[in-house]
There are 2 protein chains.
Amino acid sequence: MDGMPRWNAYSQDCPTRLVLDRVADKWTVLVLGLLGDGPVRFNQLRRAVEGLSQKVLSQTLRRLERDGLVSRTAFPTVPVTVEYTLTPLGRTLATAVDALRAWAEDHIEAVLDAQRAYDARTAGGNPGQR
Amino acid sequence: MDGMPRWNAYSQDCPTRLVLDRVADKWTVLVLGLLGDGPVRFNQLRRAVEGLSQKVLSQTLRRLERDGLVSRTAFPTVPVTVEYTLTPLGRTLATAVDALRAWAEDHIEAVLDAQRAYDARTAGGNPGQR
DNA sequence: CAGTATCCTTTATGATACTG
DNA sequence: CAGTATCATAAAGGATACTG
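Remember, it's a predicted structure, so these values are computed and weren't measured experimentally.

This next bit is on the sheet that holds strand S1 (residues 40-41) of chain B. Adjacent strands of a sheet form backbone hydrogen bonds with each other and so pair up, either parallel or antiparallel. All names here are of chain B. Spatial strand order, S1-S3-S2: 3 strands in an open sheet with antiparallel pairing. In the strand order of this sheet, the two ends are held by S1 and strand S2 (70-75), each with one partner. The pairing of S1 with strand S3 (residues 81-86) spans 2 bridges and is antiparallel. Within S3, the residue paired with Val-40 across the bridge is Tyr-84.

Now the structure itself:
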């Protein structure tokens, strides 16, 4: 009961890592958040997330689809329309991810304050640091 | 009430993005998880997370400290001992992050199944793909 | 509209060596 | 032990052009 540390090692192939490596990603979190409200089309997503290029969005969506979190439906209109929706599995994740977004909104001020305090403490000669 | 889409734009300087960009990160999530159980030393963290180099750990910890999520305490032993602990603010985030880790553990199998199914569907000529 | 393919730049990370 | 500094390399991302 003493040789065994309580901080488990996160080995690279443990389940948590396997999923977390994919899911704990900036774009994934944002996209999942947007899909939480219902089906959204590709270009709606791209426009909704500033700084997200179509290349990266495309990669993000394909990964989410592969992971079974999002489903892709193409409608045979001209030009084609494609909707992305959360799967039931994806909805359960979106809930957890939503907690993260809620935390961000609730604590943004505290974080910014901490950053300013840290920078003031730290920087003798590098103020206003990025 | 119709010109206004319900999918808010995540502008690059909106509060959510500002915090999420830092927090929705693989290493951050793992480190926060380990710190949730109590104070941990630098090299304990490094050893606990396979694949995490001291350089990246150092960066991650400094960022967490700057954000006011983690506090760093150096003990004047020889050689020096440094403990990292969650701040009260960090503890609130660790809770949300813990939901993510719990989700990963609960749904890893479903995700892996989805991946296998996707690859089988997709791959005509690229089986066993990474 | 919803992508894929390519090239090229920027960023992140890994290895190594060194300090208090 | 707990880091920082530096350099080389790999990975991610942006711009552009093109397709069904």
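Let's pick the thread back up.
Let's shift gears to the confidence of the model for chain A. Residue-level pLDDT values for chain A average 89, and 90% of them are 70 or greater. Contacts of residues 125-130 of chain A to residues separated by more than four positions or lying in other chains number 3 contacts, the stretch itself having pLDDT below 50.

In this complex, chain B contributes 60 residues to the contact, which on the side of chain A involves 60 residues. Both sides together, the interface formed by chain B and chain A hides about 5,500 Å², and carbon and sulfur atoms give 66% of it. Counting across the interface, chain B meets chain A through 2 salt bridges. B:Arg66 serves as the salt-bridge partner of A:Asp119, at 2.5 Å between the closest nitrogen and oxygen. Connecting chain B to chain A are 22 residue pairs in polar contact (both at pLDDT 80 or more). For the side of chain B that touches chain A, the elements supplying multiple residues, two or more each, are helix H1 (15-23), helix H2 (26-35), helix H3 (42-48), helix H4 (54-66) and helix H5 (88-122) of chain B. Element by element, the count of residues in the side of chain B that touches chain A is highest for H5(B), at 20 residues. Of the residues contributing to the side of chain B that touches chain A, the split by class is 32 nonpolar, 12 polar and 16 charged.

All names here are of chain B. Taken across its 10 residues, H2 has 9 buried, putting it largely inside the fold. Of all the residues in H2, the buried ones are Trp-27, Thr-28, Val-29, Leu-30, Val-31, Leu-32, Gly-33, Leu-34 and Leu-35. Backbone nitrogen of Trp-27 and a side-chain oxygen of the N-cap are separated by 3.2 Å at the start of H2; the cap is Asp-25.

We now examine the pattern of salt bridges. All names here are of chain B. By the definition in use, this model includes 8 salt bridges over all chains. We note a salt bridge from Arg-17 to Asp-21, for which the minimum N-O separation is 3.4 Å. Here Arg-17 pairs with Asp-21, and both are found in helix H1, just 4 residues apart, close to one helical turn. Overall, Asp-21 belongs to the partly exposed group, its relative accessible area being 30%.

So, about unusual backbone geometry. Omega for the peptide link from A:Val78 to A:Pro79 comes to -5 degrees, which places this bond in the cis form. Here A:Pro79 lies in the loop between strand S2 (70-75) and strand S3 (81-86).

Attention now moves to the sheet that holds strand S1 (residues 40-41) of chain A. Residues and elements named next belong to chain A. Strand order in the open sheet made by the 3 strands is S1-S3-S2, with antiparallel pairing throughout. For this open sheet the edge positions go to S1 and S2, each flanked by a neighbour on one side alone. In the sheet, S2 pairs with S3 via 6 bridges, with the strands oriented antiparallel. Bridge pairing links Phe-75 to Thr-81 in S3.

In this section: the relation of the copies chain B and chain A. For the pair chain B and chain A, the relating rotation is 180 degrees, the translation along its axis is 0.0 Å, and the fit reaches an RMSD of 0.0 Å. Given the turn and translation reported, the copies of this chain are related as if by a two-fold rotation axis. Here 100% of the contact residues of chain B are again contact residues in chain A; the copies associate through an equivalent surface.

The next subject is the packing of helix H4 (residues 54-66) of chain A against H5(B). Their axes nearest at 8 Å, the elements H4(A) and H5(B) cross at an angle of 110 degrees. With respect to H5(B), the axis of H4(A) lies roughly perpendicular. Residues A:Arg62, A:Glu65 and A:Arg66 of H4(A) form the contact with H5(B), whose own contacting residues are B:Ala114, B:Gln115, B:Tyr118 and B:Asp119. When the residues that make up the contact of H4(A) with H5(B) are grouped by side-chain class, the tally is 2 nonpolar, 1 polar and 4 charged.

The rules we used
- Residues numbered from 1 in each chain as written.
- Chains lettered and ligands numbered in written order.
- Predicted model: local features only at pLDDT ≥ 70, side-chain atom pairs only at ≥ 80, totals over all residues.
- Heavy atoms only, no water.
- Pairing = 2+ DSSP bridges.
- Helix = DSSP H or I, 4+ residues; strand = E, 2+ residues; numbered from the N terminus.
- pLDDT = per-residue confidence, 0-100.
- Contact = heavy atoms within 4.5 Å.
- Buried area = accessible area lost by both parts, 1.4 Å probe.
- Salt bridge = Lys/Arg side-chain N within 4 Å of Asp/Glu carboxyl O.
- Polar contact = N/O pair within 3.5 Å; in protein donor to acceptor, adjacent residues only side chain to side chain.
- Nonpolar A, V, L, I, M, F, W, Y, C, P; charged D, E, K, R; others polar.
- Buried < 20%, exposed > 50% of the residue type's maximum accessible area, 1.4 Å probe, protein only.
- Least-squares fit on C-alpha atoms with pLDDT ≥ 70 in both.
- Axes fitted to C-alpha atoms, helices over the stretch in contact; angles between N-to-C directions.
- Parallel < 35°, antiparallel > 145°, perpendicular 65-115°, else oblique.

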